[in-house]
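Residue-level listing of the chains:
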Amino acid sequence: MSAPAHELGARPAVHDLVGRHRLRAWEPLPWILALAFYFAFPNHLGFGADLLVTILFALSLDLALGYAGIVTLGHAAFFGAGAYTVGMLAHHGIWSEPISSLAMGAAVAALIGLASGLILLRTTGLTLLMLTLCTMALLEEAANMGERYTGGFDGLPNLPIPPLFGLFEFNPLYPRAQYLYVLGVLFLCFVFVRTLVYSPFGQSLTGIRENVLRMHAVGAPVRSRLIVAYAISAALAGLAGGLFTQATGYVNLAVLGLERAAGVMIILILGGYGRLYGAFVGAVAYMLLEHVLAKAYPTAWQLGLGITLITVALFARNGVIGIFDSLRRRLAGKTRGSAL
């Protein structure tokens, strides 16, 4: 039964809870901007495809960290698993069709996430943080030692990625097909994640993040739901890694490095974790800052990025989106005050 309209008006928190799954008028805006980028900046579509891959990677981490509260510093393990699966299948001539090989990369990452989650999610806090980091380091060393299959330190360059649907060629110099392909996969994944987080399963993840003892008390299967969420998050990260390999035509140890894992964490801090569009805002802010600061200060651009991150962490609760939320609440409070 739905609550009466006058009751919802008298209880704004109830109104927000009931209607938060509904599509807002501004939500198509990021996708419109992404399509506009394709036509407005045809010479920067390589950067655009990299940005979209980064958004998907950040979205996968947000599902684990922002919604389920799983603290991890080794999410690049799943990104790298998807990237190397697609790369090795293509390099060794086993399978290279883009969509099915991408699905295989996601499946391998999900299996690794499920297997590691069964062990790692028995722990919490700093122990969990270090174990996820160790998992990533183990996969990185395995890729380095398996030179016969992974190319070792040099990686796998010049991968033969066939045209999408046999029609759209993946050309690293003119990445028009790659950009639209990555955008399409990102859109489908975002719709899936949006549906998931507003479902009863997604709401239970939020409850686990906020108060795990209370969720145990009401009989929720906490550990099994965390494991499922971790596996789904790993699959999404594997999709991002596979897209990276297909869009660039190469893969190396950097996909499993600490820099990539820390970078995606910074993106969520900048944009706002536990928010669907935090990955979008954070990825755009991070990559633009990186580009501008590296151009202005080639030898000390990370200093500027660090100062920006500290400023956001100190003065912006939950990133840039948190700033907009605070402004919206203040404006809403002033409006209600003037109405009274």
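Description of the structure in this document.

**A few points about the packing of helix H13 (residues 258-271) against helix H14 (residues 278-296)**
And then number 1: Packing of H13 against H14 leaves a shortest axis separation of 7 Å and a crossing angle of 110 degrees. Looking at the two axes, H13 sits roughly perpendicular to H14. When the axes of H13 and H14 are compared, the crossing they make is right-handed. Contact with H13, carried on its side by Gly263, Ile266, Ile267, Leu268, Leu270 and Gly271, involves Gly278, Ala279, Val281, Gly282, Ala283 and Tyr286 of H14 and no other residues of that element.
And then number 2: Counted by class, the contact of H13 with H14 contains eight nonpolar, four polar and no charged residues.

**Focus: unusual backbone geometry**
And then number 1: One non-glycine residue, Asn158, lies in the positive phi region at around 50 degrees.
And then number 2: Of note, Asn158 is situated in the loop between helix H8 (147-150) and helix H9 (176-197).

**Some details on the packing of aromatic side chains**
And then number 1: A complete count under the given rule lists 15 aromatic pairs for this structure.
And then number 2: Between Trp31 and Phe280, the ring centres sit 5.5 Å apart and the planes meet at 80 degrees, which makes this aromatic pair edge-to-face. Separated by 249 residues along the polypeptide, Trp31 in helix H3 (residues 29-40) and Phe280 in helix H14 bring together distant segments of the chain. Pair check on accessibility: Trp31 and Phe280 agree, each one buried.
And then number 3: Ring geometry for Tyr277 and Phe280: centres 5.2 Å apart, planes at 45 degrees, overall tilted. We note that Tyr277, like Phe280, is buried.
And then number 4: Each member of the aromatic cluster is reached from another via a ring pair, and the members are Trp31, Phe187, Phe190, Tyr277 and Phe280.
And then number 5: A cation over a ring is seen here: Arg260 above Phe244, with NZ or CZ 5.0 Å from the ring centre.

**Digging into a nonpolar patch on the surface**
And then number 1: Residues Ile99, Phe165, Leu167 and Phe168 make up a contiguous nonpolar surface patch of about 450 Å² in total accessible area.
And then number 2: Overall, Phe165 belongs to the exposed group, its relative accessible area being 56%.

**Side note on the pattern of salt bridges**
And then number 1: Going through the model one piece at a time under the given rule, you end up with two salt bridges.
And then number 2: Notably, a salt bridge pairs Arg194 with Glu27, separated by 2.9 Å at the nearest N-O pair. One end of the pair, Arg194, is in helix H9; the other, Glu27, is in the loop between helix H2 (12-19) and H3, and 167 residues separate them in sequence. There is no split in this pair, since Arg194 and Glu27 are both buried.

**Notes on the layout of surface pockets**
Over the atoms, a rolled probe matching the size of one water molecule traces out where space is still vacant.
And then number 1: Taken as a whole, the second largest pocket spans an internal volume of roughly 610 Å³.
And then number 2: Considering the residues around the second largest pocket, the lining is formed by 24 residues, among which Asp50, Thr54, Phe244, Arg260 and Met287 are closest to the centre.
And then number 3: Of all elements in the fold, only helix H4 (45-67), helix H12 (222-248), H13 and H14 reach the threshold of two or more residues within the lining of the second largest pocket.
And then number 4: When residues in the lining of the second largest pocket are grouped by element, the largest group, six residues, is from H4.
And then number 5: Among the residues making up the lining of the second largest pocket, the classes are represented as 15 nonpolar, five polar and four charged.

**Some details on the environment of Tyr149**
And then number 1: Summarising the element assignment, Tyr149 is placed in helix H8.
And then number 2: The spatial distance from the C-alpha of Tyr149 to the C-alpha of Gly274 is 38 Å, given a sequence separation of 125 residues.

**Focus on the nonpolar core**
And then number 1: Counting 93 residues, the largest nonpolar core has Ile55, Ile70, Leu243 and Val255 as the members making the most contacts within it.
And then number 2: Here this core gets 14 residues from one element, more than from any other, and that element is H4.
And then number 3: Sequence-distant contacts of Ile70, that is, excluding residues within four places in its chain, are made with Ala64, Leu65, Leu121, Leu128, Leu226 and Tyr230.

**Topic: the packing of H4 against H14**
And then number 1: For the pair H4 and H14, interaxial distance at closest approach is 9 Å and the crossing angle is 135 degrees. Accordingly, the angle class assigned to the pair H4 and H14 is oblique. Handedness of the H4/H14 crossing: right-handed. Here Phe47, Asp50, Leu51, Thr54, Ile55, Ala58 and Leu59 of H4 lie close against H14, whose contacting residues are Ala279, Phe280, Ala283, Val284, Met287 and Leu288.
And then number 2: Of the residues that constitute the contact of H4 with H14, the class distribution is 11 nonpolar, one polar and one charged.

What counts as what
The residue count restarts for each chain, going from 1 along the sequence in the order it is written. With pLDDT at 70 or above as the cut-off, local features in this predicted model cover only qualifying residues; side-chain atom pairs require 80 or more to be listed or tallied, and sums for whole chains, interfaces and linings still use all residues. Water and hydrogen atoms play no part in the side-chain values, which are based on all heavy atoms of the structure. Geometry is summarised by axes, namely lines fitted to C-alpha atoms with helices restricted to the contacting stretch, and by angles between N-to-C directions that run from 0 to 180 degrees. Secondary structure is summarised from DSSP: a helix means a run of H or I of at least four residues, a strand means a run of E of at least two, and numbering begins at the N terminus for each. Each angle gets one of four labels, with under 35 degrees taken as roughly parallel, over 145 as roughly antiparallel, 65 to 115 as roughly perpendicular, and the rest as oblique. Each helix crossing is assigned a hand: it is left-handed if the near helix lies turned anticlockwise from the far helix by less than a right angle, otherwise right-handed if that turn is clockwise. Note on contacts: a residue pair is in contact if any heavy atoms of the two residues lie within 4.5 Å. By the convention adopted, Pro, Cys, Tyr, Trp, Phe, Met, Ile, Leu, Val and Ala count as nonpolar, Lys, Arg, Asp and Glu as charged, and the other residues, Gly among them, as polar. Pairs were defined over the aromatic rings of Phe, Tyr and Trp, the Trp ring being its six-membered one, requiring ring centres within 6.5 Å. Orientation was assigned from the angle between planes: stacked under 30 degrees, edge-to-face over 60, tilted for the rest. Note on exposure labels: buried denotes an accessible area under 20% of the residue type's maximum, exposed denotes more than 50%, and partly exposed covers the range between, all computed with a 1.4 Å probe on protein chains only. The criterion is that NZ of a Lys, or CZ of an Arg, lies within 6 Å of the ring centre and within 35 degrees of the ring normal, and then a charge sits over that ring. Within this analysis, patches are made of residues with over 30% relative accessible area and no salt bridge. Like charges are joined at 9 Å or less; nonpolar side chains (Val, Leu, Ile, Met, Phe, Trp, Tyr) at 5 Å or less. Note on areas: these come from Shrake-Rupley sampling with a 1.4 Å probe, and a residue is covered only by the protein chains present in the view. For salt bridges, the criterion is a side-chain nitrogen of Lys or Arg within 4 Å of an Asp or Glu carboxyl oxygen. A pocket, in this scheme, is an open set of points on a 1 Å grid over the protein atoms alone with protein on both sides within 12 Å along at least 5 of 7 lines, while a cavity is a set where a 1.4 Å probe fits but cannot get out; residues line either one if an atom lies within 4 Å of a point. Grid points are joined across faces, edges and corners, and a volume is the space filled by probe spheres set on the points. The criterion is simple. A nonpolar core is a set of buried Ala, Val, Leu, Ile, Met, Phe, Trp, Tyr and Cys residues joined through side-chain atoms within 4.5 Å.

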